[in-house]
Amino acid sequence: MRSHRPSRLLAPFLLVPLIAGCFASGGGDDSGAGGEGSGDGDRLRVALAFPPAENLSPYGADATLLSRLGVTEGLTALDANGSAAPALAESWRRDGEKTWEFTLRDATFQDGSDVTPAAVAESLTHATDAKPAPAALAGVTLSAKAQGERVVRITTAEPDPVLPLRLSSPSLAVLSGKAYADKNRVDPVGHATGPFELTKVNGATSATLDRFDDYWGGRAQASGIDARFIADGTARANALRTGELDIAEAVPVSQAATLDEKTRRDTATTRTTSLLFNASSGAFKDAGQRAAARAAVDTSVFAKDVYEGYADPSAGIYGPAVTWAEGKRTAPAGRAEAEKPGGATVNLATYDNRPELPEVAQVVKQQLEKAGFKVKLTVREYSRLEGDALAGKFDAFVLARNTLLDTGDPVAVLASDYTCDGGFNIAQLCDKDVDRAVGEAEKIADTAKRQDAAMAAEARILGSDAVVPLVHQRIITGVADSVQGVILDPYERTLVGTGTRR
């Protein structure tokens, strides 16, 4: 998982109503945008904050990069309420507890071959065999088989009430058989199904995409995309301001004021910045020390001061973009009494890929020191930090995590981040009450009851004081005045679609 990218952070479907806005890119208008005398639509100049880190593998952090550029899509997508919506599958039904049948629409891969049940089954099989497993398949075993001319039959080892939502994950994009010709890597270039086709990738610098005219959802209004990977947020903002770009994603808060008000779009996201305490070793293995540290942190300052209003005050693991959560939230359960700081030096870490995080960590450091803790702060680039974080080498960690990115299911992030066997358990939490609460939530198919169970599990997790939610982020997207149809997605999965044009 990747917390610094719009990927797993950077992270199972029943129809869970979550947020407003429609984020599936298919089914757009196929009219041209009226390029200069060509009638073919101008190309879009787009800057992304994170370059390909895994050779454009669809199974890791780069999966969301591909989906944001309109290259890949899966059997399902997310609709206006965050529910599973048709994409390559036009419908589905459950057949017993462990099997689902997905009926495919007529669609074509960018290499000219048809999207068939056999091709979809092969693609999903490759995803299940990937090492490490895609985030959406963490703890899940499934098999896919073609059935007739239009149906894919997917069976899971255990009942999975959220499978349609799981399949909307960018890491489960459907690619043609040619994408797997090289056994050492998966090649999405020219082998996906989205409205834009990758035609050239210049390492970690740039990429060229052309419109895929046979896209099932209609011709995109832009004729293509010239994408640049610009890690420096100031450079992205400058390029937009000087007219070199049409769209700049993830503009840093510090640069927002440099852009004209009409070019700034801020969107509430499902990304929460939290302070995680190592609950298995070091000073914060003691619940009383965690309680003391939690009590020392004043979360009210982050939204206003660090994020300059481009964030919402912390409410819990799920923020205001998850609209149903507030009405179901309960008080943290089982908290220990706070003890006096023990006097040991604690190692607090974060990463600088998201420019605000070092400042957040510095404020946390000052607050903990004021309470009597001794704090050493470590800041690195995320890829040089993740391994140590997952290995429990830090006492505390400031993390920006998109709680619904991987699957859209509110229970999934709890299982991966806070249970004994969770694959992204930076907090190193292993609490039988938390595991029990999460396990009960995972079994529930009814939408409202699953939400209730997720909030009960959240209360248990917050009660452990292994995590202190600090702020809920808003993402700032820079959009030139001439551009229309940019997709402002709280899940950070999509950015351009068939209707994006200038």
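Residues numbered from 1 in each chain as written. Predicted model: local features only at pLDDT ≥ 70, side-chain atom pairs only at ≥ 80, totals over all residues. Heavy atoms only, no water.

### A short note on the overall build of the protein chain
The cut-off we apply is this: Secondary structure counts use DSSP, requiring at least four H or I residues in a row for a helix and at least two E residues in a row for a strand, with both numbered from the N terminus. Any residue under 20% of the maximum accessible area for its type is buried, any over 50% is exposed, and the rest in between are partly exposed; the area is computed with a 1.4 Å probe on protein chains only. In short, Shrake-Rupley with a 1.4 Å probe defines the accessible areas, and a residue's cover is counted only from the protein chains shown. Lys and Arg are tallied as positive, Asp and Glu as negative. Neither His nor the chain termini are counted. The location of each charge is read from NZ of Lys, CZ of Arg, CG of Asp or CD of Glu.
Of regular secondary structure, the protein chain possesses twelve helices and 17 strands. By principal-axis analysis of the C-alpha atoms, the protein chain measures approximately 70 × 55 × 45 Å. Per-residue burial for the protein chain yields a buried fraction of 58% across its 502 residues. Roughly 18700 Å² of accessible area belongs to the protein chain as shown, and the carbon and sulfur atoms make up 46% of that amount. Of the charged side chains in the protein chain, 55 are positive and 67 negative; the average position of the first set lies 4 Å away from that of the second.

### Structural notes on the pairing of strand S5 (residues 99-104)
Under the convention used in this document: Two strands make a pair as long as DSSP finds a minimum of two bridges between them.
A large share of S5 lies buried, amounting to six of its six residues. Burial along S5 is two-sided: Thr 99, Glu 101 and Thr 103 facing one way and Trp 100, Phe 102 and Leu 104 facing the other are all buried. Sheet topology places strand S4 (residues 89-94) next to S5; five bridges connect them, and they run antiparallel. Looking at the pairing, Arg 94 lines up with Trp 100 of S5.

### Some remarks on helix H12 (residues 447-463)
Threshold: An expected span of 1.5 Å times one less than the residue number is assigned to each helix. Contact criterion: two residues are considered in contact whenever any of their non-hydrogen atoms come within 4.5 Å of each other. N or O atoms within 3.5 Å of each other form a polar contact, as long as, within protein, one can give a hydrogen and the other can take it, and as long as residues adjacent in sequence are counted only when both atoms are side-chain atoms.
Spanning 17 residues, H12 covers 24 Å between terminal C-alpha atoms, matching the ideal 24 Å at 1.5 Å per step. By the burial criterion, the buried members of H12 are Arg 450, Gln 451, Ala 453, Ala 454, Met 455, Ala 457, Glu 458, Ala 459, Ile 461, Leu 462 and Gly 463. Summarising the contacts, the buried residues of H12 are in contact with helix H10 (410-418), helix H11 (432-442) and strand S17 (467-479). With a side-chain oxygen lying 3.3 Å from the backbone nitrogen of Ala 448, the N-terminal cap of H12 falls on Asp 446.

### Notes on the sheet that holds S4
Strand pairing in a sheet is mediated by backbone hydrogen bonds. Such pairs are either parallel or antiparallel. Where we set the bar: To obtain each axis, a line is fitted to C-alpha atoms, and for helices this fit is confined to the stretch in contact; angles are then taken between N-to-C directions over 0 to 180 degrees.
Pairing within the open sheet is antiparallel, and its four strands lie in the order S4-S5-S7-S6. The two strands at the open ends of the sheet, each matched to only one other strand, are S4 and strand S6 (142-147). The sheet shows a mean angle of 20 degrees between the axes of neighbouring strands, direction not considered. Its contacts with the sheet put helix H2 (residues 117-129) on S5, S6 and strand S7 (151-156), and the angle it makes with S6 is roughly 170 degrees.

### Describing helix H4 (residues 233-241)
Counted only if it meets this: This arc is taken over the directions from the axis of the helix to the C-beta atoms.
The set of residues buried in H4 consists of Gly 233, Arg 236, Ala 237, Ala 239 and Leu 240. Down the axis of H4, the buried set is contained in an arc of 160 degrees. They therefore lie on one face. Residues of H4 that are buried make contact with strand S1 (44-48), strand S11 (247-248), helix H5 (253-256) and S17. Here H4 starts with a cap whose side-chain oxygen sits 2.9 Å from the backbone nitrogen of Thr 234, and that cap is Asp 232. Directly beyond the C-terminal end of H4, a positive phi value near 85 degrees is found at Gly 243.

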